[in-house]
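Each chain, written out:
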Amino acid sequence: MNNSKIKFLFYSIGLFFLLIGCEDKITEERIYTANVPVYMSYDELRSAVQVQSPIELENPGKMYFKDNYIFISEQLAGVHIIDNSNPSAPQNVAFINIPGNTEVAVFGNYLYVDSYVDLVVMDISSPGNATEVKRIENIFPYSTPSPDSDYPVAQLEPIKGVVTSWKIEEINETTEHTVSHFYYYEAYDMAVARETSGMSNQNTVVPNNSGSSTGIAGSMARFIISKEHLYTVEESTMHVFDLANPNNPAEGTTIDITNLDWNSIVETIFPYNDYIFVGTQSGMLVYDISIPGTPVFTSEFSHITSCDPVVVENDTAYVTLRGGSACGSFNNQLDVIDVSNISSPELVKSYALTSPYGLGIDDDVLFICDGDDGLKVYDVSDKLNIDQHMINNFSNINAFDVIPLGNVLLMIGEDGLYQYDYSDLNNLVLLSSIPVN
């Protein structure tokens, strides 16, 4: 072996031991205040569903109308059942305790709800005596309630159960690991950024239609039913369930929407004729469901990052964009979109709003829940001049979502459930209200 090869061998061996010497056992101790998860075990979760006597609204969320009944989600707690045979005197019938509930839909005599990671089916043929008949476990992503943004989130342990709440506590954390000095600083910088920003790794979550099997959802819904199929959306996924046997839904297609919209979160879903319209934080996606249970991507309409429910009628889609917080930009507006050519939606015009949430359409009458600016009612027959045709603005109402039902408007907001007779659009008449506690 010549001298140059011997020198190279020694240099290589020396470099090998030098690299090994760059790896140390690091003991890291951190003391910090954080959101510490409070768990409910999976056994507790799956034995908690029960019908109770009516309780007052406290934190109402999504709503659904079917056969003169209104179903209102009490956020993360369960579902209120309201007998609305007389909209002037609705009767609170029962409350179904369902931990982690935010979504609700009804098909025939069956109620479909989420319970954290599970899909639950309830027989509501006797609404006051509803019973659980089916549960599909772990179908939805592991998610948590919103933590206190002033503090980071402690380590999650999903094996312990679902997170029902948070408590603010001091964490004394000691970890030992082997790291390369080169990578250690990069990891340390990320840890500092995570603590200061509060980042965490968890997924963060009246016409009488008695002749119809399907009811009517609000525009903020993530559960909808069309053509004997239940469609659910969350984060970046669409699930389809076949309801041929409504008491035993069969899991069907699962679609990863990130393939089309990789940088966005799904917000809402709305059915119209042979299509479903999916609102994401960066656009509206259209799927063809002419073959029931087999959604086929058809087109998309992109917009600035924002929260965006959508409703559709007479070849026109109405999308409200809300900015701020998790919704992204600061734009607040109504986009009017021509979908007569479903393969190529086109913007007709945008109109400035304050802070819009849900909306509802009844022929040429558009209802918009515009945050602190109240409930707004527009004549939208002239798509290019909608802002010049506001019929009414109820500025004292902070509404979340609406469902127009012919001449009666259901409206849910932070103050409770309200119903209006809108047969005279210039003189909406309050029929009844069920206030929050």
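Everything numeric in this text was worked out from a predicted model, so none of it was measured. Throughout this description, residue numbers start from 1 for each chain and increase along the sequence as written. Owing to the predicted nature of the model, reporting of local features is limited to residues with pLDDT of at least 70; listing and counting of side-chain atom pairs is limited to 80 or more, with chain, interface and lining totals taken over all residues. By convention in this description, side-chain values take in all heavy atoms of the structure and omit both hydrogens and water.

1. Focus: the overall build of the protein
Working step 1: Across its full length, the protein holds three helices and 32 strands.
Working step 2: Counting across all 437 residues of the protein, residues that qualify as buried make up 47%.
Working step 3: In this description, accessible areas are obtained by the Shrake-Rupley approach with a 1.4 Å probe, and a residue is regarded as covered only by the protein chains that are shown. Carbon together with sulfur atoms contributes 48% to the accessible area of the protein, which is approximately 20300 Å² in total. Only DSSP runs of H or I reaching four residues or more are called helices, and only runs of E reaching two or more are called strands; each is numbered from the N terminus. A simple rule labels every residue: compare its accessible area, found with a 1.4 Å probe on the protein chains alone, to the largest value its type can have, and call it buried under 20%, exposed over 50%, or partly exposed in between.

2. Quick notes on the pairing of strand β13 (residues 223-226)
Working step 1: Burial of β13 is two-sided: the residues Phe223 and Ile225 facing one way and the residues Ile224 and Ser226 facing the other way are all buried.
Working step 2: Linking β13 to strand β14 (residues 229-234), which pair antiparallel, is a turn of two residues; within it Lys227 sits at a positive phi near 50°. DSSP bridges decide pairing: two strands pair if at least two such bridges lie between them.

3. Observations regarding the nonpolar core
Burial of nonpolar side chains together is a common tendency in soluble globular proteins.
Working step 1: Side-chain atoms within 4.5 Å link the members of a nonpolar core, which is a set of buried Ala, Val, Leu, Ile, Met, Phe, Trp, Tyr and Cys residues. Formed by 45 residues in total, the largest nonpolar core has its most connected members in Phe71, Leu111, Tyr112, Leu119, Leu230 and Met238.
Working step 2: Here, two residues are considered to be in contact whenever any of their heavy atoms come within 4.5 Å of each other. Those residues within four positions of Leu111 in sequence are excluded, and the remaining contacts are Phe71, Ile96, Val104, Ala105, Val106, Val120, Val121, Met122 and Ile124.
Working step 3: Counting 27 residues, the second largest nonpolar core, distinct from the first, contains Phe277, Val312, Val319 and Ile368.

4. Re the packing of aromatic side chains
Working step 1: In this analysis, rings of Phe, Tyr and Trp, with Trp reduced to its six-membered ring, are considered paired at centre separations within 6.5 Å, and the interplanar angle assigns stacked below 30 degrees, edge-to-face beyond 60, and tilted for intermediate values. Within the structure shown, the criterion is met by six aromatic pairs.
Working step 2: With a centroid separation of 5.0 Å and an interplanar angle of 70°, the aromatic rings of Phe367 and Tyr422 are classed as edge-to-face. Here Tyr422 lies in the loop between β31 (416-421) and β32 (429-435) and Phe367 lies in strand β26 (residues 365-369), a separation of 55 residues in the sequence. This pair shows no difference in class: Phe367 is buried, exactly as Tyr422 is.
Working step 3: With 5.9 Å between their ring centres and 35° between their planes, Phe394 and Tyr420 make a pair best called tilted. With Phe394 in strand β28 (residues 390-394) and Tyr420 in strand β31, the pair connects residues that are 26 residues apart, well separated along the chain. As far as burial versus exposure is concerned, Phe394 and Tyr420 are alike and both buried.
Working step 4: The rule for a charge over a ring is simple: NZ of Lys or CZ of Arg within 6 Å of the ring centre, and within 35 degrees of the ring normal. Lying across the ring of Tyr357, Arg322 places its NZ or CZ 3.8 Å from the centre.

5. Some points on the sheet that holds β14
Working step 1: The strand order β13-β14-β15-β16 describes an open sheet built from four strands, whose pairing is antiparallel. Either end of the sheet is taken by a strand with one partner, and the two such strands are β13 and β16 (250-256). Strand-to-strand, the axes of this sheet are offset by a mean angle of 20°, without reference to chain direction.
Working step 2: Where β13 lies against β14, four bridges are found, and the strand directions are antiparallel. Bridging from a neighbouring strand, Phe223 pairs with Thr232 of β14. For helices, the axis comes from a line fit to the C-alpha atoms of the stretch in contact; other axes are also lines fit to C-alpha atoms, and the angle between any two N-to-C directions lies between 0 and 180 degrees.

6. Examining the sheet that holds strand β6 (residues 91-97)
Working step 1: Strand order in the open sheet formed by six strands is β2-β6-β5-β4-β3-β12, with antiparallel pairing between adjacent strands. Looking at which strands have only one partner, the edges of the open sheet turn out to be β2 (50-52) and β12 (216-217).
Working step 2: The sheet contact formed by strand β4 (residues 69-74) and strand β5 (residues 78-83) spans six bridges and is antiparallel. Along β5, the bridge assignment pairs Ser73 with Val79.

7. Side note on the pattern of salt bridges
Working step 1: The term salt bridge refers to a side-chain nitrogen of Lys or Arg lying within 4 Å of a carboxyl oxygen of Asp or Glu. Scanning all chains against the criterion turns up eleven salt bridges.
Working step 2: For the salt bridge of Asp118 with Arg46, the shortest nitrogen-to-oxygen distance reads 2.6 Å. Taken as a pair, Asp118 in strand β9 (residues 118-123) and Arg46 in the loop between α2 (42-45) and β2 lie far apart in primary sequence, 72 residues in all.
Working step 3: Looking at Asp118, the relative accessible area reads 0%, which means it is buried.
Working step 4: Across the salt bridge formed by Glu169 and Lys167, the nearest N and O atoms sit 3.5 Å from each other.

8. Thoughts on the side chain of Arg222
Working step 1: Inspection of the secondary structure puts Arg222 in the loop between β12 and β13.
Working step 2: Asp and Glu count as negative and Lys and Arg as positive, but His and the ends of the chain are not part of the count. Although Arg222 is buried, it forms no salt bridge, and the closest oppositely charged side chain is Glu267 at an N-O distance of 4.1 Å.
Working step 3: A polar contact of 3.0 Å, which involves the side chain of Arg222, links it to the backbone oxygen of Glu267. Contacts described as polar in this section are N or O atom pairs within 3.5 Å, which, within protein, must combine one atom able to donate a hydrogen with one able to accept it, while residues neighboring in sequence count only if both atoms come from side chains.

9. Topic: the environment of Ala48
Working step 1: Looking at the secondary structure, you find Ala48 in the loop between α2 and β2.
Working step 2: Relative accessible area serves as the criterion here: at 14%, Ala48 is assigned to the buried category.
Working step 3: Taking C-alpha positions, Ala48 is 6.7 Å from Ile98, a pair spaced 50 residues apart along the chain.
Working step 4: Other than its neighbours up to four places away in sequence, Ala48 contacts Asn97 and Pro99.

10. Quick look at the pairing of strand β27 (residues 375-379)
Working step 1: Summarising burial for β27: four of the five residues are buried, a large majority.
Working step 2: Alignment of β26 against β27, held across five bridges, turns out to be antiparallel. Residue pairing across strands places Ile368 opposite Lys376, the latter belonging to β27.
Working step 3: Two elements, β27 and β28, share four bridges in a ladder whose sense is antiparallel. Within β28, the residue paired with Tyr378 across the bridge is Met390.

That's the geometry; what it means functionally is another story.
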